Amino acid sequence: MNQRTFILAALCGAAAQAQLIDATKAPNTAGEGIHKSLSQQIGAGRGDIYTPDSSLYLIRRDPFRSIRRGRQLFQRKFTRHEGQGPTIGDGSGDINTILGIGAGLADSCAGCHGRPRGSAGFGGDVVTRPDSRDAPHLFGLGLKEMLADEITTALRAQRSAAGAAARLSGRSSTVRLTAKGIEYGFLTANPDGSFDTTRVQGVDPDLRVRPFFHHGGTISIREFVAGALHGEMGMEAVDADLMRASRGGRIVTPSGMVLDGSLDSIEAPPTDDPNADPDGDGVKNEVPAALVDHLEFYLLNYFKPGRDEQNTATRLGRHVFDRTGCASCHIPDLLIEHDRRVADVETAHDPARGIFNQLFATAAPLFRTVSDGRGPDLKLPALGTFLVRNIFTDFKRHDLGPYFHERNYDGTTRTHLMTTALWGVGSTAPYGHDGRSMTLKQVILRHGGEAQHSRDEYARLNEIEREALLHFLNSLVLFPPDDTASTLDPGNPAAPGFPQKGHGAVKLTVLFNNPADVE
């Protein structure tokens, strides 16, 4: 299986979801849609931190505009004139080895990740496997990338230390692999420089945690973006950075992710040549690197899920969750050592301020300002620690028994899948990597294998405890940013046209250097 198939695994479904029109092409009385044309979104290209309206300039000097631009690109409906379609093989080929043939064809990222509306959510389903794959939501995607990368760094440092000890002593050295309180089994280093990884658990022998896709196949947001554009939309990203990393080089993306092709196998983009036409559709430079930059930065900073009403039932449910052993894999809180985001948004139940959906979002800056005298102040990530609460995952693969095993077209069976992060689970039915469980009760009872004990503990609960657990899980929710009042736009119930207007939003526009210039 090549790496491209990993990128294609779970992104797109047949049914289109909410997207945005280009108001420069389809002007309307309501003034809705994306306010910049595609060429305006490309702006001055990648440029540098001194080139106004380039991606590097915006990411460093006007980061919230870059995030918003990435969001508008995510929601944009691309056209055939702009290079959209066809996908890999256009439906034909050897699907035993090229799983992307089973991907759908979308005209927008939101065609697969469109629920709730206007979000980087969930909603797609593809036949890249005989029993299908569901597209997960992308809330908190940057937090997952950072946690997985830091876990990888810690595990590899322990491997290096064991190797040094073995060489120094002349005897094999065994180390317990632990990162962020998560156990990954044991590794033995030998004096000759070799390693015995047979007792490593939940991660590949190279100790790289791959946080994306149900089977854990992709390292970074940037690979995810370039692969999805290619596989689900037929849009060819031009990315010299990814190409260099895929050929063994080391690069740092504009969002701060280090990709080192000498340590990891990096997915190559379709091309690094803006004059090339790799899919032969007559359109060159379909997705310039600047657009990939904005999409990557958007998803790095994308909001984490929220929490709905917490009450006696949810508190009991959380206690039951811990008591039944669910938290042994679905670990609630994990600490990031160096947060590369520029802001955080905390969304919670607030019936007084949540004037549309009883949810209210509080934005907090995570950047430091540096004046270089060459333009607007630089707004750089503060790179502080951040406790990721209520994520509920351990970034490991587990065997959950035959009811979760996955058939492949080539006749093989996948037995180990990544622990699903439970944040947002109250909003994302159906459940399972394949969407074959319609309710939370069904997917819990589907567990077996390594989770058999917790499954049986759940089955033995009395009705009150069982309902409390479901109340707790259902309180872990997604939210529509455009319809959720926040500290950036609290809304106004007295506004003319309320609630269609004036209901509040997580409105990044107010944080632009020039808020009057909307995206």
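Reading the values: rules and limits
- Residues numbered from 1 in each chain as written.
- Predicted model: local features only at pLDDT ≥ 70, side-chain atom pairs only at ≥ 80, totals over all residues.
- Heavy atoms only, no water.
- Core = buried A, V, L, I, M, F, W, Y, C linked by side-chain atoms within 4.5 Å.
- Buried < 20%, exposed > 50% of the residue type's maximum accessible area, 1.4 Å probe, protein only.
- Helix = DSSP H or I, 4+ residues; strand = E, 2+ residues; numbered from the N terminus.
- Contact = heavy atoms within 4.5 Å.
- Axes fitted to C-alpha atoms, helices over the stretch in contact; angles between N-to-C directions.
- Parallel < 35°, antiparallel > 145°, perpendicular 65-115°, else oblique.
- Left-handed = near helix turned anticlockwise from the far one by under 90°.
- Nonpolar A, V, L, I, M, F, W, Y, C, P; charged D, E, K, R; others polar.
- Expected span 1.5 Å × (residues − 1).

Here we come to the nonpolar core. Side chains of a nonpolar character, in soluble globular proteins, are inclined to be buried together. Tyr-184, Leu-299 and Phe-395 are the most contacted members of the largest nonpolar core, which has 82 residues in total. Element by element, the count of residues in this core is highest for helix H5 (residues 141-169), at nine residues. Beyond its immediate chain neighbours, meaning those up to four positions away, Phe-395 contacts Lys-144, Leu-147, Ala-148, Ile-151, Tyr-184, Gly-202, Val-209, Pro-211, Leu-334 and Met-418. Formed by 19 residues, the second largest nonpolar core is a distinct cluster that contains Phe-321, Phe-404, Tyr-431 and Leu-476.

Moving on, we come to the side chain of Thr-393. Positionally, Thr-393 belongs in the loop between strand S16 (386-388) and strand S17 (397-399). For Thr-393, a relative accessible area of 2% gives the class buried. Contact partners of Thr-393, with chain neighbours within four places excluded, come to Cys-329, His-330, Ile-331, Leu-334, Thr-419, Thr-420 and Ala-421.

You can see Gln-41 is positioned in helix H2 (residues 38-42). Residue class for Gln-41 comes out buried when judged on its relative accessible area of 0%. Setting aside chain neighbours within four positions, we find Gln-41 in contact with Ile-34, Lys-36, Arg-69, Gln-72, Leu-73, Arg-76, Leu-291 and His-294.

The subject of this paragraph is the packing of helix H6 (residues 221-233) against helix H8 (residues 289-300). Two elements in contact, H6 and H8, have axes whose closest approach is 9 Å; the angle formed by their N-to-C orientations is 125 degrees. By the angle between their directions, the pair H6 and H8 is classed as oblique. When the axes of H6 and H8 are compared, the crossing they make is right-handed. Counting all contacts with H6, which are made through Ile-221, Arg-222, Phe-224, Val-225 and Leu-229, the residues of H8 involved are Ala-289, Val-292, Asp-293, Leu-295, Glu-296, Leu-299 and Leu-300. For the contact of H6 with H8, the residue count by class is nine nonpolar, no polar and three charged.

This next bit is on helix H4 (residues 63-75). Along its 13 residues, H4 runs 19 Å from first to last C-alpha, staying within 8% of the 18 Å computed at 1.5 Å per residue. Burial analysis of H4 places 13 of its 13 residues in the buried class, which makes it a mostly covered element.

So, to be careful, I would describe these as geometric facts and stop short of saying anything about function.
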